[in-house]
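Report on the structure
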Amino acid sequence: MTDVTIVGCGNLGSALIEGLSQSGGHDITAYDVDEETLERVATHATRTTTDVETAAASDVVVVAVKPDVVGPVVSEFGPHLAPEQTVVTVAAGVSRAHVAARTDATVVRVMPNLAASTRDMAAAVAWDDPDEDVREMLTDLGEYVEIEEDLMDAATALNGSGPAFVFYVVQAMKRGAVAEGVDPEAAQVLAAQTVVGAGETVLGSDRSVDDLIDAVCSPNGTTIEGMEVLWDSTVADDLGRALAAATERSRELAAEHTDE
Ligand SMILES: NC(=O)c1ccc[n+]([C@@H]2O[C@H](COP(=O)([O-])OP(=O)(O)OC[C@H]3O[C@@H](n4cnc5c(N)ncnc54)[C@H](OP(=O)(O)O)[C@@H]3O)[C@@H](O)[C@H]2O)c1
């Protein structure tokens, strides 16, 4: 069983705690400066604490605070961390170098997302060497891929901001169905579950996405009629531009945290 501490139990920290508690394979310490925040996650954590020394005692310490407080928080934890421990930084735009300058622990950078709470997280990880404890944690929370750190801005856009882009697609599909008379709540369930199922299909198949589209487009059928509209539209380019804009914003934010 890996000991994991989550530092900062806000949106992301609480999602990580929820998911890790469902997986059952972790001793979870929740640390925050706010007692009320800790009360909200207490049922999912093994223990809650406002004591740095207690929080720093885990194999893996995930720093899930806002980017501008990562440096001060790691500096505070630094004296209590040994080289065999791992600090995971999940903050957008904060480099491993920024964190490594403040601790002797091994530093791993992860771009996660809020689907950690349902163990459906998509995460990108950058490390010098694979860290087995972090690997186990990411596997328990969903799917992860290894990337070079200089691609973290793109990952921030793709799987960090990506849920919002997919929510937008769900909303657009829902609106289309409602316009045809479907009840809004029913349309939302059908649109959202269709996204879940399509994602599972892509993950579980060794066929290309284009092949998967072809497979559901029977000649003279309904799907091909809809796909012709999408292929003639700018939707793919527009989603690409959304990704590019989010990537660029991540680069700008990263520039604010460059001190090495
Ligand atoms: N939310 C996402 O979808 C997402 C996705 C990927 C990555 N991230 C990254 O995850 C990090 C956290 O984001 P978030 O949305 O979860 O932020 P958040 O909701 O503001 O959570 C941060 C938590 O840390 C607490 N905190 C502040 N200073 C602290 C300290 N010195 N020690 C311990 N805890 C402290 C905050 O308390 P107060 O509220 O009292 O200040 C809050 O409970 C960010 O760096 C972000 O870039 C977030």
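Residues numbered from 1 in each chain as written. Predicted model: local features only at pLDDT ≥ 70, side-chain atom pairs only at ≥ 80, totals over all residues.

Helices and strands together make up the secondary structure of the protein, namely 12 helices and 8 strands. Taking the principal axes of its C-alpha atoms as reference, the protein extends roughly 65 × 40 × 30 Å. Looking at the 260 residues of the protein, the share that counts as buried comes to 34%. In the protein, once contacts between residues fewer than 6 apart in sequence are set aside, the share between residues at least 24 apart is 59%. (Helix = DSSP H or I, 4+ residues; strand = E, 2+ residues; numbered from the N terminus. Buried ≥ 20, exposed ≤ 12 C-beta atoms within 10 Å, placed from the backbone. Contact = placed C-beta atoms within 7 Å.)

In a beta sheet, neighbouring strands pair by backbone hydrogen bonds and run either parallel or antiparallel. Judged by pairing direction, the sheet is mixed, and its 8 strands sit side by side in the order β3-β2-β1-β4-β5-β6-β7-β8 without closing on themselves. The open sheet terminates on both sides in strands that have one partner only, identified here as β3 (47-49) and β8 (142-146). Ignoring strand direction, the axes of neighbouring strands in this sheet form an average angle of 25°. Relative to β3, strand β2 (residues 26-31) runs parallel, the two being bridged by 3 bridges. The residue of β3 that forms the bridge with Thr29 is Arg47. Sitting on the sheet, helix α4 (residues 67-77) is in contact with β1 (2-7), β4 (60-63) and β5 (86-89), with an inclination near 155° to β4. (Pairing = 2+ DSSP bridges. Axes fitted to C-alpha atoms, helices over the stretch in contact; angles between N-to-C directions.)

For the rest of this paragraph, the subject is the domain arrangement of the protein. In terms of domains, the protein is made up of domain 1 (2-147) and domain 2 (162-250). Just the C-alpha atoms count here: the centres of domain 1 and domain 2 sit 32 Å apart. Taken together, the 6 residues of domain 1 in the interface contact 4 residues of domain 2. Counted by class, the side of domain 1 that touches domain 2 contains 3 nonpolar, 2 polar and 1 charged residues. (Domains from an automatic or database assignment. Nonpolar A, V, L, I, M, F, W, Y, C, P; charged D, E, K, R; others polar.)

All right, on to the nonpolar core then. Ranked by internal contacts, the top residues of the largest apolar core, which has 53 residues, are Ile6, Val7, Val62 and Val63. Discounting residues that sit within four places of it in the chain, Val63 has contacts with Val7, Gly8, Val70, Val73, Val74, Val87, Val88, Thr89 and Ala91. (Core = buried A, V, L, I, M, F, W, Y, C linked by C-beta atoms within 7 Å.)

Turning our eyes to something else, we now look at the site of the ligand. Gly8, Gly10, Asn11, Leu12 and Ala91 are the nearest of the 26 residues found near the ligand. Residue assignment for the shell around the ligand shows that the elements contributing at least two residues are α1 (11-23) and α4. When the residues that make up the shell around the ligand are grouped by side-chain class, the tally is 16 nonpolar, 7 polar and 3 charged. (Near = placed C-beta within 6 Å.)

For the pair helix α7 (residues 152-160) and helix α12 (residues 235-256), the least separation of the axes is 8 Å and the interaxial angle reads 130°. Considered as vectors, α7 and α12 are oriented oblique to each other. Both α7 and α12 take part in a crossing whose hand is right-handed. Residue-level inspection shows Asp153, Ala154, Thr156, Ala157 and Leu158 of α7 in contact with α12, the latter providing Leu243, Ala246, Thr247, Ser250, Arg251 and Ala254. Of the residues that constitute the contact of α7 with α12, the class distribution is 6 nonpolar, 3 polar and 2 charged. (Parallel < 35°, antiparallel > 145°, perpendicular 65-115°, else oblique. Left-handed = near helix turned anticlockwise from the far one by under 90°.)

With that settled, the discussion passes to the environment of Ala192. By secondary structure assignment, the location of Ala192 is in helix α9 (residues 184-204). What makes Ala192 partly exposed here is the crowd of 16 C-beta atoms within 10 Å. The spatial distance from the C-alpha of Ala192 to the C-alpha of Val166 is 9.2 Å, given a sequence separation of 26 residues.

This next bit is on unusual backbone geometry. With a phi close to 60°, Arg119 is a non-glycine residue in the positive phi region. In this structure, Arg119 sits in the loop between β6 (106-111) and β7 (121-126). One non-glycine residue, Asn220, lies in the positive phi region at around 65°. Along the chain, Asn220 turns up in the loop between α10 (209-216) and α11 (222-231).

To continue, consider the pairing of β5. Residues of β5 alternate between two faces, with Thr86 and Val88 on one and Val87 and Thr89 on the opposite face, all of them buried. By the bridge criterion, 4 bridges tie β4 to β5 in an arrangement that is parallel. Following the sheet pairing, Val60 is matched in β5 by Thr86.

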